[in-house]
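Descriptive structure summary
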Amino acid sequence: MREKEKAKKTPKAVDGFEPRIICFLCNWCSYSAADAAGRAQKAYPANVSVIKVMCSGRVDPQFIMKAFHDGADGVMVLGCHPGDCHYKKGNYQTQKRVLLLKKVLGQFGIEQERMELDWVSATEGDRFVETVTRMVERVRQLGPLERRA
Amino acid sequence: MRVKPKMAFYWCSGCGGCEESILDLAGSLADLLARIDVVFWPVAFDYDYADLERLADGEILASFINGAIRTEDHAEKARLLRRKSRYVVSHGACAQTGGVVGLGNFFTTEEIVARLYRESPTVANPAGIVPRETSIDGGHELHLPPLCPSVKPLNGVIDVDYYVPGCPPTPELMQAALTLVIEGMLPAKGSVLAEKRSLCDTCARRDSKPEKLTVARFRRLTDTAIDPATCFLAQEIICLGPATRGGCRDRCIGANMPCRGCFGPPDGVTDQGARAISFIASLIGSNDPAEIAHAIGTIPDPAGLFYRYTLAASTLRGRAQGRTDG
Ligand code: SF4
Ligand code: SF4
Ligand code: FES
């Protein structure tokens, strides 16, 4: 059922697998970076579905688990650079949480490479494009994520 | 004479502790039995499934079902009881969230069977006999119900009206739930019949729980002297109280053991382990990735610890099929 859904929604590549990546972006830095990339008409892979949050610190581990459960092959959280969070410490909390979450995801059979946390400032449109492109390629190599029935 | 309400008690995949939580009603058990008509309770009385099938649909006022759904037979019996009952009450952690039985979801059924019947060092099975759905013995054909691919909580196979949490529930909670059913005082459907808040809100050690706490690493129970009056977190020992529903009467805390989460998440939290990840991570004082990694390294099995009682009801439900630890 989920497989079917996925097949419908993702473009077919030659090898038949197009990874689906959910990307959480904070309102103040990384979303602006994505916006900047868009305004500059920079191309980035269509595999990435963006979810805007006020701060990377708003991303509850459960959001990430739900993304994986509901069909994502990879999840990214992009926030402001350390020291630059609009809410001062949100991204520091995110970093701790994501590092612990990665260990837990590993125990669930989800490779740590499927989960990426990085920092992108509002002016770094190019860095945004590079970061998501790299992630899409990495997850493409890993192949589709199998899930528990 | 007023007709006594009919009740049923059933167990799926559990350890028997939840049955014990009814027997632990002790003196009040006799009072209870005087007020109800037990139509089905395999652990205590000699009834047949045929007796159950003969009842009209909805004839049982309430069925208390404990244990997780591990085999197809559990699912079938749960459906039968659902049909025959006005209310189904999930009894205990395994029925509510899969409980310890749900930890089986870190493995495939093949791995579980191999471990149990071949690999475990305490098993001698030279003929390599493993359970099969059908076997012939002495000219008789024997059937075993197949294992489900994943353990499910009770509400994974039937509609559940109420939940009594705990591994096992306290006799007080059982008494309260049975009284609510018998006296027709049940709250809104779907309610958990226990404290709504987290264990910390009612814990005897809550006054020593620091407002702001930072740790560089977590300590283990095996090599730490634990002060019996101070919050475990203040002693750098992981306690799942902040992510766990209260109502257990501090059984573990009182025995100087940290909470392991058997009452499941409090109202408003759906994934207990995800909540634990958040609050445990926030205790780590450093922002330096290497130091954070060091602190995390002192939690050897975070998934097993944070999901000890709720894996089967968690967002991810278990380890992805056909994969090993990543
Ligand atoms: S963390 Fe544990 S010991 Fe501390 S107040 Fe909460 S339940 Fe009690
Ligand atoms: S302290 Fe936690 S693990 Fe112990 S009985 Fe209470 S809820 Fe269960
Ligand atoms: S606002 Fe960007 S990480 Fe907090």
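Here is what the cut-offs are and how they apply
Residues numbered from 1 in each chain as written. Chains lettered and ligands numbered in written order. Predicted model: local features only at pLDDT ≥ 70, side-chain atom pairs only at ≥ 80, totals over all residues. Heavy atoms only, no water. Pairing = 2+ DSSP bridges. Helix = DSSP H or I, 4+ residues; strand = E, 2+ residues; numbered from the N terminus. Axes fitted to C-alpha atoms, helices over the stretch in contact; angles between N-to-C directions. Contact = heavy atoms within 4.5 Å. Buried area = accessible area lost by both parts, 1.4 Å probe. Salt bridge = Lys/Arg side-chain N within 4 Å of Asp/Glu carboxyl O. Polar contact = N/O pair within 3.5 Å; in protein donor to acceptor, adjacent residues only side chain to side chain. Nonpolar A, V, L, I, M, F, W, Y, C, P; charged D, E, K, R; others polar. Domains from an automatic or database assignment.

Residues and elements named next belong to chain B. Taken in spatial order, the 5 strands make up an open sheet running S2-S1-S3-S5-S9, and their pairing is parallel. What marks the edges here is a single partner per strand, and that holds for strand S2 (37–40) and strand S9 (162–164). The sheet shows a mean angle of 30° between the axes of neighbouring strands, direction not considered. Here helix H7 (residues 171–182) sits on the sheet in contact with strand S1 (6–11), strand S3 (60–66), strand S5 (85–91) and S9, set at roughly 155° to S3.

Further remarks concern the interface of chain A and chain B. Each partner contributes to the interface: chain A provides 32 residues, whereas chain B provides 44 residues. Regarding the contact of chain A and chain B, the summed buried area is about 3,300 Å², with carbon and sulfur atoms giving 57% of it. On the chain A side of the contact with chain B, A:Gln107, A:Phe108 and A:Arg148 bury the most area, a combined 27% of that side's loss. For the interface between chain A and chain B, the tally reads 0 salt bridges. One can count 14 residue pairs in polar contact (both at pLDDT 80 or more) joining chain A with chain B. Listing elements by their share of the side of chain A that touches chain B, those giving two or more residues are helix H3 (61–69) and helix H4 (90–107) of chain A. With 13 residues, the single largest contributor to the side of chain A that touches chain B is H4(A). Across the side of chain A that touches chain B, the residue classes break down as 14 nonpolar, 7 polar and 11 charged.

All names here are of chain B. Split into domains, chain B comes out as domain 1 (6–100 + 148–182), domain 2 (109–147) and domain 3 (199–313). Taken residue by residue, the interface counts 17 residues in domain 1 and 13 residues in domain 3. Summed over both sides, the interface of domain 1 with domain 3 buries roughly 1,100 Å², with 63% coming from carbon and sulfur. Our enumeration of links across domain 1 and domain 3 arrives at 1 salt bridge. For the salt bridge of Arg249 with Glu172, the shortest nitrogen-to-oxygen distance reads 3.9 Å. Scanning the region where domain 1 abuts domain 3 turns up 4 residue pairs in polar contact (both at pLDDT 80 or more). Elements that contribute at least two residues to the side of domain 1 that touches domain 3 include exactly helix H5 (93–97), strand S8 (147–152) and H7. The residue inventory of the side of domain 1 that touches domain 3, partitioned by class, reads 9 nonpolar, 6 polar and 2 charged.

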